[in-house]
Amino acid sequence: MNSKFLTEQLHRAAPADMPPSQRRRAVLRIAAGFAASAVLAPVASYRAWAQPRFGAYPFSLGIASGCPRPDGIVLWTRLAPDPLAAGGMPPENVELAWELAADEGFRDIVRNGTEIATPALAHSVRAEVGGLEPARWYWYRFIAGDAISPVGRTRTAPAANAAIERLRFAFASCQQYEQGYYAAHRHLAAEDLDLIVFLGDYIYESSWGRNHVRKHNAGEPYTLGEYRNRYALYKSDPDLQKSHAAAPWIVTWDDHEVDNDYANDQSEDLDPNFLVRRAAAYQAYYEHMPLARRVLPRGPDALLYDNYAFGDLATFFVLDDRQYRSHQACPKPGRGGSNVVEVCAERLAADRTMLGSAQEAWLRDGLARTRAKWNVVAQQTLMAQFDRKFGPGQSFWTDGWDGYPAARARLLTDIAQLRVSNPLVISGDVHSTWIGDLKLDFEDLQSPAIATEFCGTSITSQGLTQLQVLGALGENPHLRYGNGHKRGYIKVELRRDTCIASLRALDSEKRADSGIATAATFVVESGRPGAQQA
Ligand SMILES: [Fe+2]
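Residues numbered from 1 in each chain as written. Predicted model: local features only at pLDDT ≥ 70, side-chain atom pairs only at ≥ 80, totals over all residues. Heavy atoms only, no water.

Attention now goes to the coordination of the iron ion. For a metal with four tetrahedral donors the ideal donor-metal-donor angle is 109.5 degrees, whereas six octahedral donors ideally subtend 90 or 180 degrees. Taken together, C174 (SG), D201 (OD), Y204 (OH) and H431 (NE2) make up the protein donors of the iron ion, found 2.0 to 2.5 Å from the metal. The sequence pattern describing where the donors of the iron ion fall on their chain is C-x26-D-x2-Y-x226-H. Of the two residues, C174 is situated in the loop between β9 (166–172) and α3 (183–189) and Y204 in the loop between β10 (195–198) and α4 (224–235); the sequence distance between them amounts to 30 residues. For C174, a relative accessible area of 1% gives the class buried. (Donors = N, O, S within 2.8 Å, 3.2 Å for Na, K, Ca; no water. Helix = DSSP H or I, 4+ residues; strand = E, 2+ residues; numbered from the N terminus. Buried < 20%, exposed > 50% of the residue type's maximum accessible area, 1.4 Å probe, protein only.)

So, in structure tokens, the structure goes:
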């Protein structure tokens, strides 16, 4: 289609005497056809289809917001009229409008704009909205053609160093789709939280576990298209969409967003093409999370770790413990990935790293600078030492921090030496709840707690038996509480003098309509590391 042809088309389909609103639509429709043909041309087009027609509702994966800052927020959606089959969009750019309002009814729209959804990013879009007021609720939605997205609620962070009385957040992880329904997300959405923190295993690449209530619709993903379909399956769940719509999210990943037990550039089956797979998985993750554009992967690399300040009350240090870590020590013969070991000199090597040197230096610098009352290290897996062997002797799982004791000691030594105010470590991955003291020497009962750890259970992924939990509590006296059989999340209220953590436990993850109750409540008093059961 050349430009003379386009002009003729415009004259015929949108004559100058047509009413202005009708004419605009007609012009856009012609331009859309032109843009569509340009996709096939060797020169890329920046034109976008502004009045698309969809075969089905295109906002099938909901909306989300994230990365709250005092003056801004990231809004996310993806156009997917056929979500489980590659999205169902034509290979064309599509223009979306977004609106952000001060009220739920969108009478007071404070910001609006447009973004282009491109096939290169699976028609996912993010709007980085700036110029907002701190510590305020906002409502947002997207519009594409005649389709309007569900409405999301979000909240900006308080102004830097503002004296804040209270922050309410919850953290969660591990939501294997087959092993349960997302009732926990429905309850999360009803908690009235300022923030939701997700600590990884948002999807699972593989089918595993007992008593499935539903099934993955495809085998293990390896390609970008396969990972996109896996995210679409998970995000098609209405309860998961509800908790995204209820509050801004801060996210990090663990292993299952790519492959079980991967470490840096190595997969557990030592796949020689693993970095190609990692690049596909990282891109699909970026496409489906409310992350800032700075996280856009470059090949197999993505800069995910970041910090978030909430006035003078709290700073979150959100870590990536997968991308830069040393390979697991003492793996099984011919394998990568985890092992459970008793004797393994390699595990104890001083140069082993969980975060990589750049992230470690960034974290140390952040911990040195923070003036926040509470400092939350948000990361993937249990940080406390966890001896798995009942009775004399010890054994350790090499995929967790126990596989990287020198790196853990460096981090905890930094926290102690820098006199970080009220350090809290929040964790996931192990599908069981653990409340414990983090110490410089876990073998010494007299060694003081220097930080408090809250390790949350899973949204659905199956956990430990109560026998395993009781055994572990006996072997690891720095762990004050353990629970393996309840699924859910931990809700935290930070105040100036206390941190109150409520362990929210589902009746059953096997029922979509499951109720929820508080299994236990723990309190940390400011200036006194270690949680006390209330
Ligand atoms: Fe998990």
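Right, let's talk about the pairing of strand β5 (residues 124–129) for a bit. Within β5, 5 of the 6 residues are buried, which leaves the element mostly enclosed by the surrounding structure. Of the strand pairs in this sheet, strand β2 (residues 72–78) and β5 are connected by 6 bridges, and their pairing is antiparallel. When the sheet's bridge partners are listed, I73 is paired in β5 with V129. (Pairing = 2+ DSSP bridges.)

Moving on, we come to unusual backbone geometry. Even without being glycine, L270 reaches a positive phi, approximately 55°. With respect to the secondary-structure elements, L270 resides in the loop between β11 (249–251) and α6 (274–288). One non-glycine residue, R419, lies in the positive phi region at around 50°. One can find R419 in the loop between α8 (405–417) and β17 (423–428). Using a relative accessible area of 74% as the deciding quantity, one classes R419 as exposed.

Let us look at the packing of aromatic side chains. One pass over the structure, following the stated rule, counts 19 aromatic pairs. Arranged with centres 4.0 Å apart and planes meeting at 20°, the rings of W253 and Y282 form a pair that is stacked. One end of the pair, W253, is in the loop between β11 and α6; the other, Y282, is in helix α6, and 29 residues separate them in sequence. Comparing W253 with Y282, the two get one shared label, buried. In this structure, R214 is placed above the aromatic ring of Y182, and the distance from its NZ or CZ to the ring centre is 4.7 Å. Note that R352 overlies the ring of Y404, its terminal NZ or CZ placed 4.5 Å from the centroid. (Phe/Tyr/Trp six-rings, centres within 6.5 Å; stacked < 30°, edge-to-face > 60°. Lys NZ or Arg CZ within 6 Å of the ring centre and 35° of its normal.)

Next up on the list: the pairing of β10. Burial along β10 is two-sided: the face carrying L195 and V197 and the face carrying I196 and F198 are both buried. Here β9 runs beside β10; their pairing, made up of 4 bridges, is parallel. Bridge pairing in β10 links A170 to I196. Crossover β9 to β10 through α3 is right-handed. Where β10 lies against β11, 3 bridges are found, and the strand directions are parallel. In the strand pairing of β11, V197 is matched with I250. (Right-handed = clockwise from strand over helix to strand, strands pointing away.)

Quick look at the environment of A170 now. Tracing the chain through its elements places A170 in strand β9. A relative accessible area of 0% means that A170 is categorised as buried. Residues A170 and R504, 334 residues apart in the sequence, show an inter-C-alpha distance of 9.7 Å. Other than its neighbours up to four places away in sequence, A170 contacts L188, L193, L195, I196, V197, Y489, I490 and K491. (Contact = heavy atoms within 4.5 Å.)

Under the defined criterion, the tally for this structure stands at 4 cavities of 30 Å³ or more. One number sums up the size of the largest cavity: a volume of about 80 Å³. Listed by contribution, the elements that provide at least two residues to the lining of the largest cavity are β20 (479–483), β21 (488–495) and β22 (498–506). For the lining of the largest cavity, the element with the highest residue contribution is β22, accounting for 3 residues. (1 Å grid on protein atoms, 1.4 Å probe; cavity = no way out; pocket = protein on both sides within 12 Å on 5 of 7 lines; lining within 4 Å. Points joined across faces, edges and corners; volume = space filled by probe spheres on them.)

Inspection of the secondary structure assignment puts D321 in the loop between β13 (314–318) and β14 (340–341). Residue contacts for D321: discarding those within four places in its chain leaves D254, M354, L355, Q379, Q380, T381 and W401.

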